[in-house]
There are 2 protein chains.
Amino acid sequence: MEDIAIVGIGCTPVGEPWDKSLRSIAVESTWNAMDDAGVDQVDGLVVGNMSSGNFIDQESLGPLIVDYAGLGNITAFKVEGACGSGGAALHAGAMAVASGYHDTVCVTGVEKMTDVVGDSATKILSNASDREYEAIHGVSFPGLNAMIMRRYMHDYNVKREDICSFPVNSHKHAVKNKYAMFRREISLDSVLNSPMVADPMTLMDCAPICDGAASLILTTKEKAHEYTDTPIYIKANSVKTDTIGVHDRKTVTSMRATVEAAREAFSISGLSPKDIETAEMHDAFSIMGVIGLEDIGFVERGQGAKFAADGQIAIGGSLPCCTHGGLKARGHPVGATGVYQVVELCRNLRGEGVIDVSNGLAQNIGGTGSTVAVTILGRD
Amino acid sequence: MEDIAIVGIGCTPVGEPWDKSLRSIAVESTWNAMDDAGVDQVDGLVVGNMSSGNFIDQESLGPLIVDYAGLGNITAFKVEGACGSGGAALHAGAMAVASGYHDTVCVTGVEKMTDVVGDSATKILSNASDREYEAIHGVSFPGLNAMIMRRYMHDYNVKREDICSFPVNSHKHAVKNKYAMFRREISLDSVLNSPMVADPMTLMDCAPICDGAASLILTTKEKAHEYTDTPIYIKANSVKTDTIGVHDRKTVTSMRATVEAAREAFSISGLSPKDIETAEMHDAFSIMGVIGLEDIGFVERGQGAKFAADGQIAIGGSLPCCTHGGLKARGHPVGATGVYQVVELCRNLRGEGVIDVSNGLAQNIGGTGSTVAVTILGRD
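None of these values were measured; they are calculated from a predicted model. (Residues numbered from 1 in each chain as written. Chains lettered and ligands numbered in written order. Predicted model: local features only at pLDDT ≥ 70, side-chain atom pairs only at ≥ 80, totals over all residues. Heavy atoms only, no water.)

Here we take up the overall build of chain A. Secondary structure assignment for chain A yields 14 helices and 11 strands. Since a compact globule built from 380 residues should have a radius of gyration of about 21 Å, the 19 Å found for chain A is in line with a globular shape. Projected onto its principal axes, the C-alpha positions of chain A cover 55 × 45 × 40 Å. A total accessible area of about 12000 Å² is found for chain A, and carbon and sulfur atoms account for 49% of it. (Helix = DSSP H or I, 4+ residues; strand = E, 2+ residues; numbered from the N terminus. Rg over C-alpha atoms; globule rule 2.2 N^0.38 Å. Areas by Shrake-Rupley, 256 points an atom, 1.4 Å probe, with all protein chains shown as cover.)

Now for helix H3 (residues 61-68) of chain B. All names here are of chain B. For H3, the tally of buried residues reaches 7 of 8 residues, placing the bulk of the element in the interior. Those residues of H3 that fall on the buried side of the exposure criterion are Leu61, Gly62, Pro63, Leu64, Ile65, Val66 and Asp67. Just past H3, the residue glycine 70 takes up positive phi, approximately 70 degrees. (Buried < 20%, exposed > 50% of the residue type's maximum accessible area, 1.4 Å probe, protein only.)

For these two chains of identical sequence, chain A goes onto chain B by a turn of 180 degrees and a shift of 0.0 Å along the axis, with RMSD 0.0 Å. Such values leave the two copies arranged in the relation of a two-fold axis. Closest approach to the rotation axis within chain A is made by the C-alpha atom of Ser99(A), at a distance of 1.9 Å. Looking at chain A, 100% of its interface residues are interface residues in chain B too, so the copies touch through the same face. (Least-squares fit on C-alpha atoms with pLDDT ≥ 70 in both. Contact = heavy atoms within 4.5 Å.)

It is worth spelling out the interface of chain A and chain B at this point. How big an interface is tends to be stated in terms of accessible area lost as the parts join. Each side of the interface is counted separately: chain A has 60 residues, and chain B has 60 residues. Connecting chain A to chain B are 5 salt bridges. For the salt bridge of Glu132(B) with Arg23(A), the shortest nitrogen-to-oxygen distance reads 3.8 Å. Along the contact surface separating chain A from chain B lie 33 residue pairs in polar contact (both at pLDDT 80 or more). Within the residue set of the side of chain A that touches chain B, elements represented by two or more residues are helix H2 (52-56), helix H3 (61-68), strand E3 (75-80), helix H4 (85-98), strand E8 (232-241) and helix H10 (256-269) of chain A. When E3(A) meets strand E3 (residues 75-80) of chain B, the two strands line up antiparallel, connected through 3 bridges. Among the inter-strand pairings, Glu80(A) is bridged to a residue of E3(B), identified as Lys78(B). (Salt bridge = Lys/Arg side-chain N within 4 Å of Asp/Glu carboxyl O. Polar contact = N/O pair within 3.5 Å; in protein donor to acceptor, adjacent residues only side chain to side chain. Pairing = 2+ DSSP bridges.)

Looking now at the pairing of strand E1 (residues 4-11) of chain B. Residues and elements named next belong to chain B. Among the 8 residues in E1, 8 count as buried, and that is most of the element. Strand direction decides the pairing type here: E1 and strand E7 (residues 211-220), joined by 7 bridges, are antiparallel. Residue pairing across strands places cysteine 11 opposite alanine 214, the latter belonging to E7. Here E1 pairs with strand E8 (residues 232-241) via 3 bridges, running antiparallel.

What follows concerns the packing of aromatic side chains. Evaluated as defined, the whole model comprises 2 aromatic pairs over all chains. The interplanar angle of 55 degrees and the centroid separation of 5.1 Å between the aromatic rings of Tyr152(A) and Tyr156(A) together place this pair among those described as tilted. Taken together, the residues span about one helical turn, with Tyr152(A) and Tyr156(A) both in helix H6 (residues 141-156) at a distance of 4 residues. Exposure remark for Tyr152(A): the relative accessible area of 0% places this residue in the buried category. Under the relative-accessibility criterion, Tyr156(A) is labelled partly exposed at 28%. In this structure, Lys221(B) packs its charged tip against the face of Tyr233(B), placed 4.9 Å from the ring centre. (Phe/Tyr/Trp six-rings, centres within 6.5 Å; stacked < 30°, edge-to-face > 60°. Lys NZ or Arg CZ within 6 Å of the ring centre and 35° of its normal.)

In structure tokens, the structure reads:
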């Protein structure tokens, strides 16, 4: 399986741009990535998006974005895997190039969540859980993650405050990222003392509702140097699934889809967890980031929170995580998140980011781990 | 580009199964196709679906179907291209195999449209038009197609009754299809005299709101004979786009995405329109079927209605169309339609259908032609 090259990256600032529509941020991001690659046309567009039909009453994002970006009659479609849509769209984009069906493909992740009329964003997001067994009973994602956090604390004898380091770390890293939504540091105390969302989880454990778009231009390894001197290669991109309902799993303190996706990604890339120099973890809720570290194999079971509290996930630590702010502070425009993570890894690998590394891993979760994409990038 | 093989097909009867949920019909269809291929596992699942988020408050169909079909932790995601979602999902599925990323892939198209609470199905479908320039003004797909029909009649001096042959043909062909929703013939007069939906288009010009699921098992040409003695090959599968809004086009009586997708599909397959022995046309509205015949190049501009009225699209005619009932009579569960078309072509090519042919073409439209998939199948 030949590596696919990323030759262009782009994104919009994450936030609440009331003056911009989904199509305008998607086009802005797509054009940014095309400019970065130095191309004025691509052969295909894969859109990562979760729920534009519910958020803004608009489907058909493929032709919508192609149309408003002025790209003519090219191939385009949307890929959905809940909050893992970005990672799944990258999978489809990589296959589009690897199959020889398309030479250059743009993958654009986009979500516009702040313009909702009627339903709340949290209700729309709950469509990614099992509607007939979870959401219908009123348990939304904050509720599911609070129960997982409680169980994790019980099983591994971890105190609530031990889990606070994850959002504190993400906020610290976001300060230098001009595309981040929250560019200010927070303290451990502020996490503990912020309003309770679902006991034991507080507001500062939760990624925000927001808008954003991020894009990647993909092509073959063979053609990469026609576009850029600093191509970044997809060493592996694996998408795995698990039961949609959390109640159907043997354990709730591990996500099987992460375990399986990571195992496959390490096998394909020939790397192991100890080889990875930086990780973009899916910290939609603090506990997700903690469990992800364990599922991927970076740390032993029950050690994720301690690893974060010891400063190992900070820039300067043994495994800098969420170096551009993660989902918590850069923001989590759900269908775009998996693409933002890869854009940020590319910045670091190109030498345009905040750390100097030669490889990196991104974990992008959909639902409560019903979809997980694990992507490993390398400089060569 | 090596052909991809279809080694298993399956579907559910189209209709209003109030006792079955989306997950149950999707699993039934997936299992039918797996049984047909003689496999108890696949490596990946691509779901074609337009709007389950709006129709039934459920996203994450990839893991949902994998979970309830008992397929473990395999790769899965949804592909959306409005009513062209099925054709676009086939494109993604073919790339998944052609890329070497996955050996066997199931493509399942599914839509559950009859269980809607709140919004009407027609309003949800209008999310595939341009929300900000079309749907917001109240023009839904019946309205858009009625305007196109009126313009077509004016431009080519075609009488309203000349366009009635398309649904009459589809209903006649549906009689023998046990999976069809409407298994009864209708007359030209009944089309003319059925209730007006949007002048000049009557109820019998419009495909029904319904539920259904259809599935295909794909693998490489090399491995096809391990599964079946009658593999059917995808000679070409092209997906192209056009402006999402109809008002942005130079003409409304031709769909540029069909023209471009057909041109590419013929180029890849080495075939021409005159080589094609049967066609599954996207007759969601009678006028769409008529214009499709012209856009693909089967007939000259303005001759589509006459071609149908002359009986050329009937079984026994020069180009049998919609041999299993088309969208009008088999039914149009939107995200599944493109997969039903290919399942029906496979039946004919395998010798299990209603005509004996060695190749066939399917045209699957999303929106008002903003997405079009053209697929050409062959026996070898």
